[in-house]
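Tertiary structure, described
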Amino acid sequence: KELVARAIHEASPREGAAFVVVNCGAIPSDLVESELFGHIQGAFTGASQRRLGLLELAEGGSLFLDEIGELPMTVQPALLRAVQFGEFRPVGSSKTEYADVRILAATNRDLVEAMNKGVFREDLYHRISTLEVTLPPLRDRGDDVRILAEWMLQRQNVRVPKDLARTISASALNRLLELDWPGNVRQLENAIVRLVTLSASREIQTDDIDRHVAVRRRPESSDFDSMDLEQLERAAVVAALRRNRGNRQRATAELGIATKTLYNKIRHHDIAPGEWQDASHA
């Protein structure tokens, strides 16, 4: 969603101005108004100075409101005036300010249903829905999976030495097309990073997809998707050390982390040399 919003911004006359992103669902409800419209000094406890809101920071450019369906009802009237008239009041101020901003909004919620439930204002919905763009899920976008996977793989390859770069077979790409991708592009990108890190051979094969990426398969001891984040990180470090025969510099280049970070992770996960040395001499 953000990529599409950014593309709209960059294809518009506002491309030279700011593109500001805010996830409405990630801001505590009592801070949303201050984040969007700013506040004056003394507006509330801790407000020691004037603070510009995201609307002001996007002056002349675009403000992307991601997950606008999560916006509290108490803030929606003020946003409506900002969208319709470009006017707003910082928290604690009696003075009306103005901003020339294009509003781009996205949501994964059904806003019509939200209106019927009384959790989203009808007038705000009609004001922001002037032009709607529906983004189909990744699983419905056909060959996009293949194109994105190859591009993401190229981007990962520039971060590692040439002799550690990965390719992907045609059959593996076809296997990626068969998956559901409920997490869409973000899930695909994470999958490519995982494959680059954990695949044993230079060319990623279908077996690598089934072992490290494919969903709804029977959990096994080598099934990394059944691990929590700590276990997965540990397995990734061990796998990188194995492939690089204990060479720390090559392992850090492959993992995309600093050498000091690698040593810290080895200590944190209590990784013994025998866990990768045995494999390197096999």
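Presented here is a report on the structure given in the accompanying data block. (Residues numbered from 1 in each chain as written. Predicted model: local features only at pLDDT ≥ 70, side-chain atom pairs only at ≥ 80, totals over all residues. Heavy atoms only, no water.)

Some words on the pattern of salt bridges
This model, assessed by the stated rule, comprises 16 salt bridges. Here Glu35 and Arg51 are joined by a salt bridge, their closest N and O atoms 3.2 Å apart. Taken as a pair, Glu35 in helix α2 (residues 32-37) and Arg51 in the loop between α2 and α3 (54-57) lie far apart in primary sequence, 16 residues in all. The exposure class assigned to Glu35 is partly exposed, which follows from its relative accessible area of 22%. (Salt bridge = Lys/Arg side-chain N within 4 Å of Asp/Glu carboxyl O. Helix = DSSP H or I, 4+ residues; strand = E, 2+ residues; numbered from the N terminus. Buried < 20%, exposed > 50% of the residue type's maximum accessible area, 1.4 Å probe, protein only.)

Focus: unusual backbone geometry
Notably, Arg245 is not glycine yet its phi reads approximately 50°, a positive angle. Summarising the element assignment, Arg245 is placed in the loop between α11 (229-243) and α12 (248-255). Exposure remark for Arg245: the relative accessible area of 59% places this residue in the exposed category. A positive phi angle, close to 55°, is found at Asp270, a residue other than glycine. Along the chain, Asp270 falls in the loop between α13 (259-268) and α14 (274-280). In this structure Asp270 comes out as exposed when scored by relative accessible area, which is 62%.

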